[in-house]
Amino acid sequence: MGLVRWFVGVLFLSTLLLCSADVHHYEFFVRESKFKKMCNTSTLLVVNNSYPGPEIRVHRGDTVFVNVHNRGKYGFTIHWHGVKQPRNPWFDGPEFITQCPIRPRTNFTYKIILSEEIGTLWWHAHSDWTRSSVHGAIVILPAENETYPFPTPDGEQTIILESWYNGNLKKIIDKALASGTPPPQPDAYAINGHLGDTYGCPTDTIFRMEVDYKKTYLLRIINAAMNEQQFFTIMNHTLTVVALDASYVRRFKSDYILISPGQTMDVLVSANRNAGQYYMATRPSSDSAVAPVDFITTSIFQYTNFVGGSNASLITLPAMNNTDAMLNFISRIRNTNVTQNPPINVPADTDINRRVFITLAVNDLPCKNSKCVVSDGFAASLNNVSFVYPHIDVLQAYYRNIRGVFAENFPFLPPEFYDFTGNLTGVVSAVEVGTRAICVNYGDAVEIVLQSTQMGAGGSHPIHLHGYSFYWVGAGLGNFNGETDPSTYNLVDPPLMNTIDVPGTGWVAIRFFANNPGVWYMHCHFERHTSWGMSTVLIVRNGSTIETSIRPRPSTMPRCHRT
């Protein structure tokens with residue numbers, strides 16, 4: 001029944017979208033440019049000389065072609081975060097997973113196939129740490145014959161939360177990874193490329209959003225920070241959350257939001273206070289023993305024609321380590337049964353035929369590089385496997401049946417069980433390195449339980465799955481209990497997401513139908529953890545028909561260095 005409901009929902013949306021689908025073309029020129037912030041000049045790799053990069057603006061169901069010209073010094077790729085790309089993993093973008101890098105002085109055109117996504121997504125580079133400056137919004141408006149499931153806002157504004165590093169980040173990160181030492185903390189956080197007025201440099205700029213009294217605005221908020229969850233607020237104003245990860249949610253009001261790296265959130269705000277200037281502000285949230293730097297970054301919510309100082313000089317945000325504020329916010333997120341969403345189709349207990357239990361950990365491995373300054377470097381793992389990127393992309397190897405590139409034997413259970421979120425005295429977990437994939441059949445009903453551990457200072461992990469949105473059906477603190485915890489699952493209205501935050505002392509459970517064949521990356525969206533190997537690959541095998549199989553490999557794919 002689950003697959004039948006899914007097919008009917010997709011058929012309905014497909015009929016709706018085909019009536020008005022359009023095609024868009026963009027040109028991205030990627031090169032190094034200099035930017036002055038914090039009274040320092042830094043070199044950034046950016047698109048079209050812009051930080052953040054250009055916005056892609058389309059309607060639901062459209063197709064987008066983006067011709068990416070590499071005018072930089074290094075190869076890179078671009079990922080269309082949250083776009084499912086039905087049967088089209090070739091243009092998903094992660095380096096050495098679905099393609100090899102776009103080499104300097106070459107170009108590559110991505111084909112982005114939008115389907116049921118609605119609201120806000122984003123694009124970003126997917127090579128090393130290049131996404132810190134190579135990123136931008138994807139705004140997906142309702143199709144021509146659709147409406148919002150709330151009163152149409154009077155205006156809208158994209159808000160991108162970012163991490164700022166002084167200097168050349170490519171060189172900084174390469175040095176840290178080669179030496180086995182942790183990457184540095186950011187020097188600041190930014191809002192739409194502006195650092196605001198809290199960092200002490202008189203030439204720093206502050207982002208201003210101008211609003212009219214009694215008008216309502218849709219904020220499209222993207223967390224593009226490298227390693228930091230973020231609280232966000234507008235002083236003296238109430239935020240109404242309406243969408244998460246390009247899917248509408250049941251509306252709820254809050255004084256602040258919490259958003260993890262990779263996530264997008266659509267929020268309504270009414271300009272219903274006394275005319276003036278009000279701070280919009282962000283600060284990190286963390287439950288790790290090794291916390292990010294606790295900077296507050298500001299921008300201005302400014303009423304039209306008002307001249308004067310701020311009406312809210314005191315910024316009130318939850319403390320960085322306020323886990324109650326974190327848990328209270330995310331516990332309120334629920335799916336909503338509106339016609340603009342696909343029909344809720346959660347795999348039932350009786351549907352599940354593929355269960356995977358994955359522990360997340362930060363580990364140590366011997367540092368064997370000649371540039372090492374420590375004996376043991378950092379590694380990160382899923383079920384004690386630290387991912388290694390192959391020399392050609394996994395998708396090509398899978399499609400062409402090239403042996404020796406990856407193994408189809410990712411463990412479906414951790415190699416050992418212990419008190420994952422408790423006392424680890426005496427626990428020594430061996431870590432393997434390798435390129436190992438989770439393989440499922442087309443149509444499988446999949447449940448994945450993600451369990452945090454206290455290995456390596458613990459802390460939350462935002463896990464992103466490419467090619468899919470999944471239902472977040474369960475969460476809890478402590479160690480997952482397979483006998484009792486499933487009875488607490490929400491199978492009625494779980495939110496549909498592409499990035500889920502796993503609390504540092506707990507677990508989450510997700511479910512989905514494996515109805516998108518291909519090779520799809522799954523990884524932590526903390527960039528330091530991805531760099532250390534907290535990743536794997538989900539391979540969904542072809543179905544029995546052309547319509548349930550991967551599209552043919554395009555002839556234009558970038559060549560790998562060794563082929």
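Position numbers for residues count from 1 along each chain, tracking the sequence in the order it is written. Per-residue local features of the predicted model are confined to residues with pLDDT of at least 70, and side-chain atom pairs are confined, for both listing and counting, to 80 or more; whole-chain, interface and lining totals are unaffected and use all residues. Side-chain calculation: all heavy atoms of the structure are included, whereas hydrogens and water are not.

Bringing the pairing of strand β21 (residues 376-382) into the picture now. Working definition: with a 1.4 Å probe on protein chains only, accessible area under 20% of the residue-type maximum means buried, over 50% means exposed, and in between means partly exposed. Runs of H or I in DSSP of at least four residues are treated as helices and runs of E of at least two as strands, each being numbered from the N terminus. Counting buried residues along β21, 5 of its 7 residues qualify, which places the element largely inside the surrounding structure. In this analysis, strands are considered paired if DSSP registers two or more bridges between them. Across 7 bridges, the pairing between strand β20 (residues 354-366) and β21 is antiparallel. Counterpart to P366 in the pairing with β21 is D376.

Within the secondary structure, S127 is located in the loop between β7 (119-125) and β8 (135-141). Reaching out from S127, the side chain makes a polar contact with the backbone nitrogen of T77 at a distance of 2.9 Å. The residues contacting S127, other than those within four sequence positions of it, are G75, F76, T77 and E95. Polar contacts, as used here, are pairs of N or O atoms within 3.5 Å; protein pairs need one atom able to donate a hydrogen and one able to accept it. Residues neighboring in sequence count only if both atoms are side-chain atoms. Contacts: residue pairs with any heavy atoms within 4.5 Å of one another.

Cis geometry marks the peptide bond from Y51 to P52, where omega comes out at -5°. Position of P52 relative to the elements: it lies in the loop between β2 (40-47) and β3 (56-59). Phi angles above zero are rare outside glycine, and N48 is one such case at about 55°. Along the polypeptide, N48 turns up in the loop between β2 and β3. A relative accessible area of 30% means that N48 is categorised as partly exposed. Residues other than glycine seldom take positive phi values, yet A246 does so here, at roughly 65°. Its relative accessible area of 9% is what places A246 among the buried residues.

In this description, a disulfide is simply a cysteine sulfur pair whose atoms lie within 2.5 Å. Counted under the stated rule, the structure contains 3 disulfides. Residue pairing for C39: its cysteine sulfur links by disulfide to C201, the two sulfurs lying 2.0 Å apart. Taking the torsion about the sulfur-sulfur bond, which here is approximately 100°, the covalent link between C39 and C201 counts as right-handed. Of the two residues, C39 sits in the loop between β1 (23-37) and β2 while C201 sits in the loop between β10 (188-191) and β11 (208-211), which places them 162 residues apart along the sequence. Take C201: its relative accessible area is 9%, and that puts it in the buried class. Across the disulfide from C367 sits C372; the S-S distance is 1.8 Å. Its S-S torsion of about -80° marks the bond between C367 and C372 as left-handed, since a negative value means left-handed. If you count the bonded cysteines of the protein from the N-terminus, they pair up as 1-3, 2-6, 4-5. Counting only cysteine sulfurs, C100 is the nearest neighbor of C439, a cysteine outside any disulfide, at a range of 19 Å.

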